[in-house]
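Residue-level structure breakdown
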Amino acid sequence: MTTTTHFDVLIVGAGISGIGAAYHLKTYRPGTTFAILEGRESIGGTWSLFQYPGIRSDSDMPSFGYGFKPWTHRKAIADGHVIMDYLRQTVTENRLEEHIRFGYRVLGAQFSSPEGLWTVTARHPGSDETVQFSARFLFLGTGYYDYEAGFTPEFQGVEDFAGQVVHPQHWPQDLDYTGKRVVVIGSGATAVTLIPSMAGRAAHVTMLQRSPSYVFSIPAEDAIANVLNKVVGPRRAHRITRRKNVMLNRGIYQACQRAPKLMRKLLIANVRRQLPKNFDVDTHFTPRYNPWDQRLCMVPDGDLFKVISAGQASVITDRIERFTKTGILLESGQELAADIIVTATGLNMLPFGKIQLDVDGQPVNLPDTTVYKSMMLSGVPNLVFAVGYTNISWTLKVDLVCEHFCRLLDHMDAHGYHTVEPVLRDPDMQRVPLLDMSSGYVQRAIAKFPRGGTSGPWTVQMAYEKDVERLRRGPVTDPALEFSVHQAARLAS
Ligand SMILES: Cc1cc2nc3c(=O)[nH]c(=O)nc-3n(C[C@H](O)[C@H](O)[C@H](O)COP(=O)(O)OP(=O)(O)OC[C@H]3O[C@@H](n4cnc5c(N)ncnc54)[C@H](O)[C@@H]3O)c2cc1C
């Protein structure tokens, strides 16, 4: 016989989002029972999975950290292990470990409207057997990409290469690149992080890119935040620094939207200043797209430019013809010798950790759904998900979603409701991709995701200040939300 364990809320994922949701439930909904089902054996999600040299945030940590837990570390752009320490502290300080069940990969979740309940099927740790849970609400903190495999394009002749090919998502812990010639394929956040970290120890690191990205130097330490921490104490300092950083980052983003030509000039001039006079900035650091059509790549204290200037790293902008026994043959005819090739070619985006959702026996086809306030799905009752911002810190959004979720539960309790479902009543409303970015990893996968709408609560706002109004200050009720009492309770009354 299958036994089913019941919780009021089941959170899926113990990354920064799932831990944030657990904190909010424990703090603001003390009577609510909840558990986190985590498919891996560790908390941290992204920050425990990625183990490549130099792994770090590219957001400032006062805004990437939680609103409720001050960031006190000296460095605002933090290394992966420091982020992991911060997450472990959050778990310990709030006694969240007792709620986390490791090794439970959620495979499917079926909602029954008559019962007002989710039945969640998860793979039992260490076996192929499955186990069931039931819950009133599901909170999906599953991140946005496939944990099993990163993205690698098909390269001709890979099998001929005598050296080692490594993807950053599966970094071998014993990889010794001392004195080796390393080629890093890619021009995104991962490539610009890896290159300065490997340079110096490797014989030489070559960044091989098909086309350039915007690379922007930011201070690794925030001098103002560090002074404030001493003068006004961590809590006030955290509040002030978050506000300052949100304003600054939003200001840069909005300037890029309003005056792309000017911002393009400024960004490229900033790169030019940090590289030797004869460096070909036009070829290697002048993108074809406008700033923020794709994520800006941040480099702390210009570390990438320093290793290029020192001759420890170089950039080649070209296309790959094929891998050879000794390296890579480029379309230009040039041959690049390599001992190690790192394919920093990105992620495979994936919605909701591959969980198959069903409502009353009907499978949910995610692209047919429309997001409500970017936290719920049309036609899917009692489900909240955490997908953060792509143009500013992810966690700023997740904090707001968690607050709104707790208020929604308060409202439902106060009125005796059991289910809440966003209902899209205008079938003609134009729908748009959930993420409006031209990056390859987004374009490859966005059709599998739910879509955004173009009016009312269906719009996707990549704007923190608007979400503060919508999610923190705005009401939890909305004409698009249908609340109900489930059948069993109606019959009993
Ligand atoms: C290398 C890298 C650097 C980044 N840097 C930044 C940055 O500086 N700033 C920023 O804003 N964003 C950054 N991001 C985006 C980043 O992923 C998010 O900001 C944030 O860490 C996501 O947290 P999360 O908890 O939502 O998801 P994740 O960190 O992806 O965690 C999801 C968790 O859910 C679990 N899970 C997934 N599916 C299932 C399932 N079916 N069953 C059970 N468990 C499941 C996973 O095992 C994982 O533990 C970065 C991403 C990467 C890859």
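In the block above lies the structure referred to throughout.
Residues numbered from 1 in each chain as written. Predicted model: local features only at pLDDT ≥ 70, side-chain atom pairs only at ≥ 80, totals over all residues. Heavy atoms only, no water.

Let us now look at the sheet that holds strand β14 (residues 327-330). In spatial order, the strands read β13-β14-β15; together these three strands make up an open sheet with antiparallel pairing. In this open sheet, the two edge strands, each paired with only one partner strand, are β13 (320-323) and β15 (335-337). Between one strand axis and the next, the sheet turns by 20 degrees as a mean value, whatever way the strands run. As paired strands, β13 and β14 are joined by three bridges and run antiparallel to one another. When the bridges of β14 are listed, F323 appears paired with I328. (Pairing = 2+ DSSP bridges. Helix = DSSP H or I, 4+ residues; strand = E, 2+ residues; numbered from the N terminus. Axes fitted to C-alpha atoms, helices over the stretch in contact; angles between N-to-C directions.)

Moving on to the site of the ligand. Residues in contact with the ligand amount to 33 residues; listed here are only the nearest, S17, E38, D58, S59 and Y147. A distance of 2.6 Å separates an oxygen atom of the ligand from a polar side-chain atom of E38. At 2.8 Å from a nitrogen atom of the ligand is found a main-chain nitrogen or oxygen belonging to V106. Relative to its unbound accessible surface of 970 Å², the ligand loses 96% to contact with the protein. Contributions of two or more residues to the shell around the ligand are made by α1 (16-28), β2 (34-38), α2 (46-49) and β4 (105-112). Looking at the shell around the ligand residue by residue, the class counts come to 15 nonpolar, 13 polar and five charged. (Near = heavy atom within 4 Å. Polar contact = N/O pair within 3.5 Å; in protein donor to acceptor, adjacent residues only side chain to side chain. Areas by Shrake-Rupley, 256 points an atom, 1.4 Å probe, with all protein chains shown as cover. Nonpolar A, V, L, I, M, F, W, Y, C, P; charged D, E, K, R; others polar.)

A separate point is the pairing of β4. Two elements, β4 and strand β5 (residues 117-123), share seven bridges in a ladder whose sense is antiparallel. Residue pairing for β5: G108 is matched across the bridge by T121. Two successive antiparallel strands, β4 and β5, enclose a turn made up of four residues, where G116 displays a positive phi of approximately 65 degrees. Sheet topology note: the β4/strand β17 (residues 356-359) ladder contains four bridges and is parallel. Of the residues in β17, the one forming a bridge with G108 is Q356.

Further remarks concern the packing of helix α11 (residues 394-415) against helix α13 (residues 464-473). Where α11 contacts α13, the axes come no closer than 9 Å and their chain directions differ by 15 degrees. As the angle between them shows, α11 and α13 are arranged roughly parallel. Classified by chirality, the crossing of α13 by α11 is left-handed. Contacts from L396, K397, L400, V401, E403, H404 and R407 of α11 reach α13 at Y464, D467, V468, R470, L471, R472 and R473. Of the residues in the contact of α11 with α13, the class split is six nonpolar, one polar and seven charged. (Parallel < 35°, antiparallel > 145°, perpendicular 65-115°, else oblique. Left-handed = near helix turned anticlockwise from the far one by under 90°. Contact = heavy atoms within 4.5 Å.)

As a further point, take the sheet that holds strand β8 (residues 181-185). Within a beta sheet, neighbouring strands are joined by backbone hydrogen bonds and run either parallel or antiparallel to one another. Across the sheet, five strands lie side by side as β7-β16-β8-β9-β12; this open sheet has parallel pairing. At either end of the open sheet lies a strand with only one pairing partner, and these are β7 (164-166) and β12 (313-317). When strand polarity is set aside, the average angle formed by the axes of neighbouring strands in this sheet is 20 degrees.

Turning to unusual backbone geometry, a few remarks are in order. Positive phi outside glycine occurs at D360, with the angle close to 50 degrees. With respect to the helices and strands, the residue D360 is situated in the loop between β17 and β18 (362-363). Located in the positive-phi region is S374, a residue other than glycine, with phi close to 55 degrees.

Here a ring pair, both rings aromatic, is described through the centre-centre distance and the interplanar angle of the planes. Inspection of the entire model under this criterion finds 24 aromatic pairs. Where W47 meets F64, the ring centres are 5.8 Å apart and the plane angle is 70 degrees; that geometry is what we call edge-to-face. Taken together, the residues W47 in helix α2 and F64 in helix α3 (residues 61-64) connect sequence positions 17 residues apart. Each member of the pair, W47 together with F64, is buried. Geometrically, the ring pair formed by Y104 and F133 is edge-to-face, given 5.6 Å between the ring centres and 80 degrees between the ring planes. With Y104 in the loop between β3 (100-102) and β4 and F133 in strand β6 (residues 130-140), this residue pair connects regions lying 29 residues apart in the sequence. (Phe/Tyr/Trp six-rings, centres within 6.5 Å; stacked < 30°, edge-to-face > 60°. Buried < 20%, exposed > 50% of the residue type's maximum accessible area, 1.4 Å probe, protein only.)

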